Amino acid sequence: MFMNFEFSENLKNVKSSEIRDLLKYTQMPGMISFGGGLPNPESFPSHEIQEILEDIMKNYASSALQYGQTDGLPLLKEQLKSYLSKDENINIETDEMMVTTGSQQALYALAKIFANPGDYVITEGPTYVGMIAALNANSVNSVSIPLDENGMKVDLLDDKIKELKSKGKKPKFIYTIPTFQNPAGYTMTLDRRKELLDVANDNSIPVIEDNPYGDLRYSGSKIQSLKAIDNYGIVTYLGTLSKVMAPGLRTGYTLSQPEVLQKFNLLKQSLDLASDSLSQYIAYEYIKKGIIYTQIPKTIELYRKKRDIMLESLDEEMQNATWSRPDGGMFLWLKLKENMDTKKMLKRAIENRIAYITGSAFYQNNPEINTIRLNFTYSSDNDIKEGVKRLAKTINEEIRNNKN
Ligand SMILES: Cc1ncc(COP(=O)(O)O)c(C=O)c1O
């Protein structure tokens with residue numbers, strides 16, 4: 001006889017992620033999946049990391065296998081500082097940086113630090129599932145601002161904030177993924193970035209900028225991050241080495257005002273004491289030796305080709321949808337006719353051996369049910385072509401079926 005466990009209310013809003021649920025289908029023989037958000041293992045610097053590991057074990061084993069400082073390995077923080085200055089034109093002091101266990105840890109921590117249960121925040125609609133999970137785990141509500149091909153529709157922001165304030169629900173932060181957004185693939189223009197900062201500052205609302213994909217640009221020219229142009233000191237910036245080194249090492253970083261990071265430090269002591277020391281040593285050597293600067297162009301080359309294949313295949317095969325044309329990142333966003341429900345269509349898609357994530361997974365509430373996120377980095381080039389064919393066939397069948 002097992003015990004009858006009594007659980008707290010804390011996780012009552014947390015549902016299993018559709019992305020994890022999809023895994024059972026992706027194991028089926030012959031399935032092509034555009035569902036996951038995984039980097040391609042071909043982009044992993046395995047050989048270089050093997051050499052780095054040998055060096056670490058020779059030179060720093062006693063500290064690399066030991067507990068570390070909660071705010072991160074000082075050697076790594078120095079390297080990240082110079083990388084951010086070169087790469088993003090972000091110039092900060094080391095007490096404005098915290099190393100995190102992936103940027104996911106920062107999403108959870110910031111939701112807890114800035115918002116009480118029942119409070120409201122503003123996100124983009126659609127937004128990153130990991131942020132929705134972090135909000136749900138902290139019982140925080142969100143209101144979303146829609147996106148177009150120029151990113152968040154910032155012209156709607158001020159009115160939305162005023163509306164929430166008038167109901168006594170002043171948003172506790174604005175969360176944005178301005179560059180190669182996950183899931184939509186759009187990038188916010190510089191003008192909108194400036195306007196977002198002005199509106200947020202006028203309303204005294206902090207901004208969280210999540211930038212995991214900024215280095216993965218395949219076309220167009222770089223747009224400065226919100227953090228780089230923030231003269232108000234309101235932006236907390238989340239970076240990660242997941243997409244430019246390897247996600248399994250779980251190494252990210254948060255840049256913010258020291259008083260925000262002091263709160264984060266207190267919380268992190270209860271989460272994991274400190275991030276993985278060995279991973280931090282690997283990241284330190286990876287940047288110091290300059291491997292990051294040779295690895296990123298290789299990853300860009302690999303992914304640019306895959307993006308182009310997916311866009312060309314969509315242009316050739318897809319008649320009944322529109323889609324984003326991302327300049328970087330890992331995803332594009334497909335919209336079907338308004339009355340179509342991509343969740344309902346998934347059964348047919350699975351029968352046709354093509355898996356995807358329904359767009360509704362990327363909304364905490366009020367989903368656009370006619371949307372799909374497509375990942376283009378993981379599948380082989382041939383599978384991308386074949387998968388798009390299967391998806392177009394599925395959509396055409398569904399339309400015919402809806403008419404009957
Ligand atoms: C927008 C966004 N934020 C955060 C993360 C989490 O990344 P990490 O591996 O650093 O936890 C991801 C990962 O896919 C992401 O797409």
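In this text the structure is predicted, and so the values were computed from the model without any measurement. As a convention, each chain's residues are numbered from 1 in the sequence order in which they are written. Local features in this predicted model are restricted to residues of pLDDT 70 or higher, and side-chain atom pairs are both shown and tallied only at a pLDDT of 80 or more, whereas totals for entire chains, interfaces and linings draw on every residue.

K.L.:
Describe the overall build of the protein chain, with residues and values.
P.N.:
Per the secondary structure count, the protein chain includes 13 helices and 14 strands. The size measure is the radius of gyration over C-alpha atoms, and the globule rule it meets is 2.2 Å times the number of residues to the 0.38 power. The globule rule puts the C-alpha radius of gyration for 404 residues at 22 Å, and the 21 Å found for the protein chain is close to it. Projected onto the principal axes, the alpha-carbon positions of the protein chain cover approximately 65 × 65 × 55 Å. Put simply, a residue is buried when 20 or more other C-beta atoms lie within 10 Å of its own C-beta and exposed when 12 or fewer do; between those, it is partly exposed, and each C-beta is set from the backbone. Each of the 404 residues in the protein chain was classed as buried or not, and the buried ones make up 46%. Whether two residues are in contact is decided by their C-beta atoms, placed from the backbone, lying within 7 Å. For the protein chain, contacts bridging at least 24 residues in sequence account for 76% of all contacts bridging at least 6. Each helix is a run of DSSP H or I of at least 4 residues and each strand a run of E of at least 2, with the numbering of both proceeding from the N terminus.

K.L.:
Tell me about the environment of Ile19, and please be specific about residues and values.
P.N.:
Considering the arrangement of structural elements, one finds Ile19 in helix H1 (residues 18-26). Classification of Ile19 as partly exposed rests on a count of 15 C-beta atoms within 10 Å. Residues within four places of Ile19 in sequence aside, it is in contact with Gly35, Gly36, Gly37, Val129, Ile357 and Ala361.

K.L.:
Help me get a handle on the nonpolar core, residues and values and all.
P.N.:
Formed by 101 residues in total, the largest nonpolar core has its most connected members in Ala111, Val207, Ala283 and Leu374. Ranked by residues supplied to this core, first place goes to helix H5 (residues 102-114) with 8 residues. Sequence-distant contacts of Ala283, that is, excluding residues within four places in its chain, are made with Leu76, Leu241, Met245, Leu249 and Thr251. Think of a nonpolar core as buried Ala, Val, Leu, Ile, Met, Phe, Trp, Tyr and Cys residues, each tied to the set through C-beta atoms within 7 Å.

K.L.:
Account for the pairing of strand E11 (residues 331-336), with residues named and values stated.
P.N.:
Burial of E11 is extensive: 5 of the 6 residues sit out of reach of the surface. Think of it this way: DSSP has to see at least two bridges between two strands before they count as a pair. Strand direction decides the pairing type here: E11 and strand E14 (residues 371-375), joined by 5 bridges, are antiparallel. Looking at the pairing, Leu334 lines up with Ile372 of E14.

K.L.:
So what's going on with the site of the ligand? Residues and values would help.
P.N.:
Near the ligand there are 14 residues, and of these Gly102, Ser103, Gln104, Thr240 and Ser242 occur at the shortest range. Among the elements that make up the shell around the ligand, the one with the highest residue count is H5 (3 residues). For this classification, Asp, Glu, Lys and Arg are treated as charged, while Ala, Val, Leu, Ile, Met, Phe, Trp, Tyr, Cys and Pro are nonpolar and the rest, including Gly, are polar. For the shell around the ligand, the per-class residue count stands at 4 nonpolar, 9 polar and 1 charged. A molecule or strand has a residue near it when that residue's C-beta atom, placed from backbone coordinates, lies within 6 Å of it.

K.L.:
So what's going on with the pairing of strand E8 (residues 235-240)? Residues and values would help.
P.N.:
Of all the 6 residues making up E8, 6 are buried; the element is thus mostly covered by neighbouring parts of the structure. Burial along E8 is two-sided: Val235, Tyr237 and Gly239 and Thr236, Leu238 and Thr240, pointing in opposite directions, are all buried. Strand direction decides the pairing type here: strand E7 (residues 207-210) and E8, joined by 4 bridges, are parallel. Across the sheet, residue Val207 finds its bridge partner in E8, namely Val235. As judged from the 4 bridges shared by E8 and strand E9 (residues 251-255), these two strands associate in the antiparallel manner.

K.L.:
Pulling in residues and values, what's your account of the sheet that holds strand E10 (residues 321-323)?
P.N.:
What holds strands together in a sheet is hydrogen bonding between their backbones, with the strands either parallel or antiparallel. Spatially, the 4 strands line up as an open sheet ordered E10-E11-E14-E13, and their pairing is antiparallel. Looking along the sheet, the strands with just one partner apiece sit at the ends: E10 and strand E13 (357-358). Examined bridge by bridge, E13 and E14 share 2 bridges and lie antiparallel to one another. Pairing of Thr358 across the sheet is with Ile372, part of E14.

K.L.:
Any details on the domain arrangement of the protein chain? Residues and values, ideally.
P.N.:
Taken domain by domain, the protein chain holds domain 1 (18-44 + 294-403) and domain 2 (46-292). A separation of 26 Å is found between the C-alpha centroids of domain 1 and domain 2. Each side of the interface is counted separately: domain 1 has 27 residues, and domain 2 has 31 residues. Those elements that provide at least two residues to the side of domain 1 that touches domain 2 are helix H11 (291-317) and E11. At 8 residues, H11 tops the list of elements feeding residues into the side of domain 1 that touches domain 2. Per the annotation, domain bounds derive from an automatic or database assignment of domains.

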